[in-house]
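Coordinate analysis (summary)
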Amino acid sequence: MSVPKTLPLIRVITVECEANGLRVDRYLRDKVQVAPSVLFKLLRKKTITQINTTQSKRLQGSDRVFAGMQIKLPNSLLSPSDNSRQQINDQKLPFLYESESMAVIQKPYGLACQGGTKVTSSVDTILPPEYRLVHRLDRHTTGALVVARTRLAASALAKAFHDRNVDKTYIALLKGIPKCTAGTINHALVNNGEMVGLAGSAEDGAKAAITRYKVLKTGVWNDQQLSLVELDILTGRKHQIRVHCAKALGCPVLGDSRYSATGEKTKGYMYLHLFRIKIPSVDEQGKVGAADASTVTVTAPFPLFWQQAFSSLGVKFSSK
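These numbers come from a predicted model, not from an experiment. (Residues numbered from 1 in each chain as written. Predicted model: local features only at pLDDT ≥ 70, side-chain atom pairs only at ≥ 80, totals over all residues. Heavy atoms only, no water.)

1. Considerations on unusual backbone geometry
One non-glycine residue with positive phi stands out, namely arginine 164, at about 65°. Mapped onto the elements, arginine 164 comes out in the loop between α5 (151-162) and β9 (167-175). A positive phi angle is found at aspartate 223, which is not glycine, with a value near 60°. Here aspartate 223 is to be found in the loop between β13 (210-221) and β14 (224-233). The exposure class of aspartate 223 is exposed, given its relative accessible area of 77%. (Helix = DSSP H or I, 4+ residues; strand = E, 2+ residues; numbered from the N terminus. Buried < 20%, exposed > 50% of the residue type's maximum accessible area, 1.4 Å probe, protein only.)

As structure tokens, then:
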């Protein structure tokens, strides 16, 4: 009898007692160390099944596992990840901060946070599976991106974002000059799918959205009046800054072709950067630290494509 040269294409794993009650997607993510986008794709294709039943059951991510349950899955999911910190840096995701429970990385321009139908590369496919996204930035927004290194830390950090216990300060270049040099935009938003707009009074689906802004500098670049603006968001709605700037201030983010009235672009770049983030510090078990040392503040350097604009506005540029 010949010895097979390759491993079988499927494997069976048995759920441990301590995992009883976990969701299938969470259990498999912890067990086999796989990127969420890969796991979700396999679940959608119905290639993961429960076999210790009278009839094989195709599992969904929301199903619950139980002790002794046997799950059949492709062999590729049992291979240890060969990603490493060096490979992350090679993919231009440098670390700005790292502890045993969390990390903050520099998200580059044009890289999506999560995979999708038309996305070939994303943050969650580049990072080793033990790093978990706890919030997202738009594909064309750069700056500080927080990831957790354990499941419990991920839950604690995700709750901190949901409960608005994270301070996020963005820097943007706006086309035009706001009438007021500082203020608060308190205008609800409504998500219509691909586009987000200002909500009318009592409009169905409207969600509160609050943005504080301060104009730091104004000037001219490429024959355009521009404003360098600091923005703090008190809520975390989809495209919140972009819509508030374009529709409430009348000054769209430079390069934002979606919400600019003229559909303009500037060398393909959109100038919106998450410059500083202040987050609760948590340990591997998800426990928040003592009151006096419960936060971590990280600043993210600006991408090189900001340099010419900064120079024209007389602002010192640093990419470190």
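Anyway, onward from the coordinates.
2. Observations concerning the nonpolar core
Judged by nonpolar contacts, the single largest core of 49 residues is most densely connected at Val146, Tyr170, Leu174, Leu231, Ile277 and Ile279. When sequence neighbours within four positions are dropped, the list of residues in contact with valine 146 reads Met102, Ala103, Val104, Leu133, Val134, His135, Leu157, Phe161, Ile277 and Ile279. Counting residues in hydrophobic clusters, the runner-up holds 17 residues, among them Leu28, Leu39, Leu59 and Leu73. (Core = buried A, V, L, I, M, F, W, Y, C linked by side-chain atoms within 4.5 Å. Contact = heavy atoms within 4.5 Å.)

3. Thoughts on the pattern of salt bridges
Evaluated as defined, the whole model comprises five salt bridges. The salt bridge partner of aspartate 25 is arginine 23, with a shortest N-O separation of 2.8 Å. Residue classification places aspartate 25 among the buried positions, given a relative accessible area of 12%. Arginine 242 is the partner of aspartate 138 in a salt bridge, and the nearest nitrogen-oxygen pair spans 3.1 Å. In this pair, aspartate 138 is assigned in the loop between β7 (132-133) and β8 (142-148) and arginine 242 in helix α6 (residues 240-249), connecting sequence segments 104 residues apart. Within the structure, one salt-bridge network assembled from shared partners comprises Asp138, Arg242 and Asp256. (Salt bridge = Lys/Arg side-chain N within 4 Å of Asp/Glu carboxyl O.)

4. Re the environment of phenylalanine 66
In this structure, phenylalanine 66 sits in the loop between β3 (57-58) and β4 (70-74). A residue is classified by how much of its surface remains accessible, and phenylalanine 66, at 36% relative accessible area, is partly exposed. Note: C-alpha distance between phenylalanine 66 and glycine 21 (45 residues apart in sequence) is 5.7 Å.

5. Quick word on the environment of glycine 236
Within the secondary structure, glycine 236 is located in the loop between β14 and α6. Linking glycine 236 and isoleucine 210, residues 26 residues apart in sequence, is a C-alpha distance of 8.7 Å.

6. Some details on the side chain of lysine 107
Residue position: lysine 107 is located in strand β6 (residues 102-107). Buried charge without a salt bridge: lysine 107, with aspartate 138 as the nearest opposite-charge side chain at an N-O distance of 8.4 Å. (Lys, Arg positive; Asp, Glu negative; His and termini not counted.)

By themselves, these are just geometric observations and shouldn't be taken as functional.
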